[in-house]
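One letter stands for each residue in the lines below.
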Amino acid sequence: MFRQMFEEKYMRFPLGKAKAATFSYDDGVKADLKLINIFDKYGVKGTFNLNSLLFDCENWHDRMNEEETYNAFSCGVHEVALHGARHIFLNKVPLPEAINEVLQNRLYLENKFGRVVRGMAYAYNGYNDDIVAAIANLGVAYARTTEPSYSFGIPEDWLRLKPTCHHRDPKFGELLTKFLSASPTDEFKHREPYLLYIWGHSYEFDDDNNWNFIENACAQLSKYKNDVWFATNGEIYDYIQAYNRLIFSLDGERAFNPSYMGVYLEIRGKIYEIPAGGEVAFDK
């Protein structure tokens with residue numbers, strides 16, 4: 001192995017895991033309750049993107065009312081995120097109206113759930129450069145599109161976030177198998193971590209009469225819980241940002257972590273935890 005291959009530093013997820021998985025589901029519908037039960041059964045975590053002016057619309061995919069929505073997500077295990085107050089195309093209304101749509105959605109969710117809400121999914125995938133700039137100024141940290149990456153790469157543009165794929169995508173099964181059977185640690189040069197990011201709508205499992213599909217997928221994932229970190233979209237975003245804030249010595253042999261959470265990295269085949277506020281020297 002070339003000497004320089006030993007010097008590469010690779011992010012690792014909590015406990016040194018090389019893979020992470022997350023789910024993102026939209027609209028706040030009653031089928032979410034069944035999906036949450038499946039996630040909880042297998043230790044999987046997800047982010048649920050909610051509207052704030054469409055409660056109790058039974059004729060629109062059977063949305064939950066306000067009380068049901070609060071009860072479903074108040075425990076804090078799964079993340080709540082923005083989806084617009086009214087589920088409109090943000091890129092098809094005047095920009096001030098789009099800004100108000102996101103602003104009111106965020107104000108409602110934060111006040112209702114008593115937590116900071118910084119994630120989002122674009123309703124109808126409606127966004128453009130002006131929308132991206134606007135939501136960044138509203139404090140949105142990440143915003144998911146519906147455009148598949150068909151990869152496990154770590155996102156680079158968090159406000160144009162591409163998931164791996166939709167659960168209905170014909171490639172989903174193949175991608176899940178590849179995610180579970182392969183590992184970055186098997187690679188010689190490119191040992192970057194894997195992120196599996198799946199999105200959809202829970203009512204689609206009712207429409208397709210295939211709840212066994214998502215349950216089987218979660219069951220498969222749970223068998224690899226020692227190798228895969230299950231987290232919400234926001235938890236993954238925060239972790240990656242913390243890793244990216246590491247400060248390295250000039251020779252690359254020490255790292256200081258100024259963040260509030262510990263992070264992990266791999267160098268020369270060894271896993272290190274850099275604790276919050278701590279500094280670590282690597283073995284040579």
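Check the entry above for the structure.
### Looking at the overall build of the protein
- Of the regular secondary structure elements, the protein holds 9 helices and 14 strands.
- Radius of gyration (C-alpha) of the protein: 20 Å, near the 19 Å computed for a compact globule of 284 residues.
- Relative to its full complement of 284 residues, the protein shows a buried share of 53%.
- Sequence separation of 24 or more characterises 65% of the internal contacts of the protein that already satisfy a separation of 6 or more.

### Some words on the sheet that holds strand β10 (residues 247-248)
- The strand order across the open sheet formed by 3 strands is β10-β11-β14, and the pairing between neighbours is antiparallel. Here the strands that pair on one side only, and so sit at the sheet edges, are β10 and β14 (279-281).
- Bridge analysis of strand β11 (residues 254-256) against β14 gives 3 bridges, and the strand direction is antiparallel. In the sheet register, Ala255 faces β14, and the bridge partner there is Val280.

### Some details on the sheet that holds strand β1 (residues 9-12)
- Spatially, the 3 strands line up as an open sheet ordered β1-β12-β13, and their pairing is antiparallel. In this open sheet, the two edge strands, each paired with only one partner strand, are β1 and β13 (270-274). Across the sheet, the axes of successive neighbouring strands diverge by a mean angle of 30°, strand direction being ignored.
- When β1 meets strand β12 (residues 263-267), the two strands line up antiparallel, connected through 4 bridges.

### Let's talk about the packing of aromatic side chains
- Here the structure, examined in full by the defined rule, presents 20 aromatic pairs.
- Centre to centre, the rings of Tyr25 and Phe205 are 6.3 Å apart; their planes meet at 35°, and the pair counts as tilted. Residue Tyr25 is located in strand β2 (residues 19-26), and its partner Phe205 is located in helix α7 (residues 203-207); the two are separated by 180 residues in the primary sequence. Neither residue differs from the other here; Tyr25 and Phe205 are each classed as buried.

### Remarks on helix α6 (residues 172-181)
- For α6, the set of buried residues is Phe172, Leu175, Leu176, Phe179 and Leu180. All buried residues of α6 lie within an arc of 125° about the axis, which places them on one face of the element. Turned more than 90 degrees away from the buried face of α6, the exposed residues are Glu174, Lys178 and Ser181.
- Structurally, α6 contributes buried residues whose contacts are with β2, β7 (165-166), β8 (194-200), α8 (211-222) and β9 (228-230).

### Observations concerning the layout of surface pockets
- Considering only enclosed or pocket space, the largest pocket measures out at about 250 Å³ in volume.
- Secondary structure elements with two or more residues in the lining of the largest pocket: β4 (79-82) and α9 (233-244).
- The dominant element in the lining of the largest pocket, judged by the number of residues it contributes, is α9, at 4 residues.

### Side note on the pairing of strand β3 (residues 46-50)
- Most of β3 sits out of view: 5 of its 5 residues are buried.
- Residues Gly46, Phe48 and Leu50 point to one face of β3 and Thr47 and Asn49 to the other, with burial holding for every one of them.
- The pairing of β2 with β3 spans 4 bridges and is classified as parallel. Residue pairing across strands places Tyr25 opposite Phe48, the latter belonging to β3.
- Handedness of the crossover joining β2 and β3 through helix α2 (residues 31-42): right-handed.
- Two strands pair when backbone bridges link them, and β3 and β4 are joined in this way by 4 bridges, in the parallel orientation. Among the inter-strand pairings, Leu50 is bridged to a residue of β4, identified as Leu82.

Rules behind the numbers
- Residues numbered from 1 in each chain as written.
- Predicted model: local features only at pLDDT ≥ 70, side-chain atom pairs only at ≥ 80, totals over all residues.
- Heavy atoms only, no water.
- Helix = DSSP H or I, 4+ residues; strand = E, 2+ residues; numbered from the N terminus.
- Rg over C-alpha atoms; globule rule 2.2 N^0.38 Å.
- Buried < 20%, exposed > 50% of the residue type's maximum accessible area, 1.4 Å probe, protein only.
- Contact = heavy atoms within 4.5 Å.
- Pairing = 2+ DSSP bridges.
- Axes fitted to C-alpha atoms, helices over the stretch in contact; angles between N-to-C directions.
- Phe/Tyr/Trp six-rings, centres within 6.5 Å; stacked < 30°, edge-to-face > 60°.
- Arc of directions from axis to C-beta.
- 1 Å grid on protein atoms, 1.4 Å probe; cavity = no way out; pocket = protein on both sides within 12 Å on 5 of 7 lines; lining within 4 Å.
- Points joined across faces, edges and corners; volume = space filled by probe spheres on them.
- Right-handed = clockwise from strand over helix to strand, strands pointing away.

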